[in-house]
Amino acid sequence: MRYANTSLAELLAGVIRGELGSMSAVMSAKHEELLSAADALGGPLVVPRTAAVSVLRALRNGVYGPESVQAWASFVSAGFVANRSPGPIRPVEIDFEDAWEDAIAEAVSRLDEIGDVVDGEVTSCEIDDLLKLLGERP
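Conventions and cut-offs
Residues numbered from 1 in each chain as written. Predicted model: local features only at pLDDT ≥ 70, side-chain atom pairs only at ≥ 80, totals over all residues. Heavy atoms only, no water. Axes fitted to C-alpha atoms, helices over the stretch in contact; angles between N-to-C directions. Helix = DSSP H or I, 4+ residues; strand = E, 2+ residues; numbered from the N terminus. Parallel < 35°, antiparallel > 145°, perpendicular 65-115°, else oblique. Left-handed = near helix turned anticlockwise from the far one by under 90°. Contact = heavy atoms within 4.5 Å. Nonpolar A, V, L, I, M, F, W, Y, C, P; charged D, E, K, R; others polar. 1 Å grid on protein atoms, 1.4 Å probe; cavity = no way out; pocket = protein on both sides within 12 Å on 5 of 7 lines; lining within 4 Å. Points joined across faces, edges and corners; volume = space filled by probe spheres on them. Phe/Tyr/Trp six-rings, centres within 6.5 Å; stacked < 30°, edge-to-face > 60°. Lys NZ or Arg CZ within 6 Å of the ring centre and 35° of its normal. Salt bridge = Lys/Arg side-chain N within 4 Å of Asp/Glu carboxyl O. Polar contact = N/O pair within 3.5 Å; in protein donor to acceptor, adjacent residues only side chain to side chain.

### Comments concerning the packing of helix α5 (residues 66-78) against helix α6 (residues 101-112)
Next up, step 1: Where α5 contacts α6, the axes come no closer than 8 Å and their chain directions differ by 125°. Relative to α6, the element α5 is oriented oblique. Between α5 and α6 the crossing geometry is left-handed. The segment α5 lies against α6, with Val-69, Gln-70, Trp-72, Ala-73, Ser-74, Val-76 and Ser-77 engaging Val-108, Leu-111 and Asp-112.
Next up, step 2: Of the residues that constitute the contact of α5 with α6, the class distribution is 6 nonpolar, 3 polar and 1 charged.

Written out as structure tokens, the structure is:
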């Protein structure tokens, strides 16, 4: 469902900034629409450190559930909504902020494991460690 008076490009930009409330629009959009939305933004899509921090805090505080957080992590790491697009696709090109690339990548990777049989739950201690890695106080 799209939000009134908000374009898919604006919602996509929100997702890149860690605004999980926009994930439903991204998840329901056709991949071609996402590619067009990314092109409409006119520049590279870069996940900032603050987005990873925001998502980690939202998970820890129960603002968003593990499924929403995992969907965000999966999307920003792969550039497409998993299990929806048959055959090969061109992913939306999404980068991580250069100065924090390794820390963001580690946080996104760990959040993408939510729901896995072995590593499927992210503990509060892990969230605190990831926040520290991202230069934040837990």
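### Some points on the layout of surface pockets
Next up, step 1: Counted as a void, the largest pocket has a volume near 160 Å³.
Next up, step 2: Looking at the largest pocket, the residues that line it are Leu-35, Ala-38, Asp-39, Gly-43, Pro-44, Leu-45, Arg-90, Pro-91, Val-92 and Glu-93.
Next up, step 3: No other element matches helix α3 (residues 31-40), which puts 3 residues into the lining of the largest pocket.
Next up, step 4: Residue composition of the lining of the largest pocket, grouped by class: 6 nonpolar, 1 polar and 3 charged.

### Things to note about the packing of aromatic side chains
Next up, step 1: Under the counting rule described, the total for this entry stands at 0 aromatic pairs.
Next up, step 2: The ring of Trp-100 carries the charged tip of Arg-49 above its face, separated from the ring centre by 5.3 Å.

### Considerations on the pattern of salt bridges
It is possible for side chains bearing opposite charge to pair when their charged atoms get close.
Next up, step 1: For the coordinates displayed, the defined rule picks out 6 salt bridges.
Next up, step 2: The closest approach of N and O atoms between Arg-17 and Glu-19, which form a salt bridge, is 3.1 Å.
Next up, step 3: Salt bridges sharing common partners tie together Arg-49, Arg-57 and Glu-136.

### Digging into the environment of Pro-44
Next up, step 1: Note that Pro-44 resides in the loop between α3 and β1 (45-47).
Next up, step 2: In sequence terms Pro-44 and Val-92 are 48 residues apart; their C-alpha atoms lie 9.8 Å from each other.

### Some details on the side chain of Arg-110
Next up, step 1: Structurally, the position occupied by Arg-110 is in helix α6.
Next up, step 2: Only 2.8 Å separates the side chain of Arg-110 from the backbone oxygen of Glu-121, close enough to count as a polar contact.
Next up, step 3: Once residues lying within four places of it in the same chain are set aside, the contact partners of Arg-110 are Asp-119, Glu-121, Val-122, Glu-126 and Leu-130.

### Remarks on the packing of helix α4 (residues 49-60) against α5
Next up, step 1: For the pair α4 and α5, the least separation of the axes is 10 Å and the interaxial angle reads 160°. Taken together, the axes of α4 and α5 are roughly antiparallel relative to one another. Two packed elements cross with a definite hand, and for α4 against α5 that hand is left-handed. Packed against α4, whose contacting residues are Ala-51, Ala-52, Val-55 and Leu-59, the element α5 presents Pro-66, Val-69 and Trp-72 at the interface.
Next up, step 2: Residue classes in the contact of α4 with α5 are distributed as 7 nonpolar, no polar and no charged.

The values reported here are purely geometric and, on their own, carry no functional implication.
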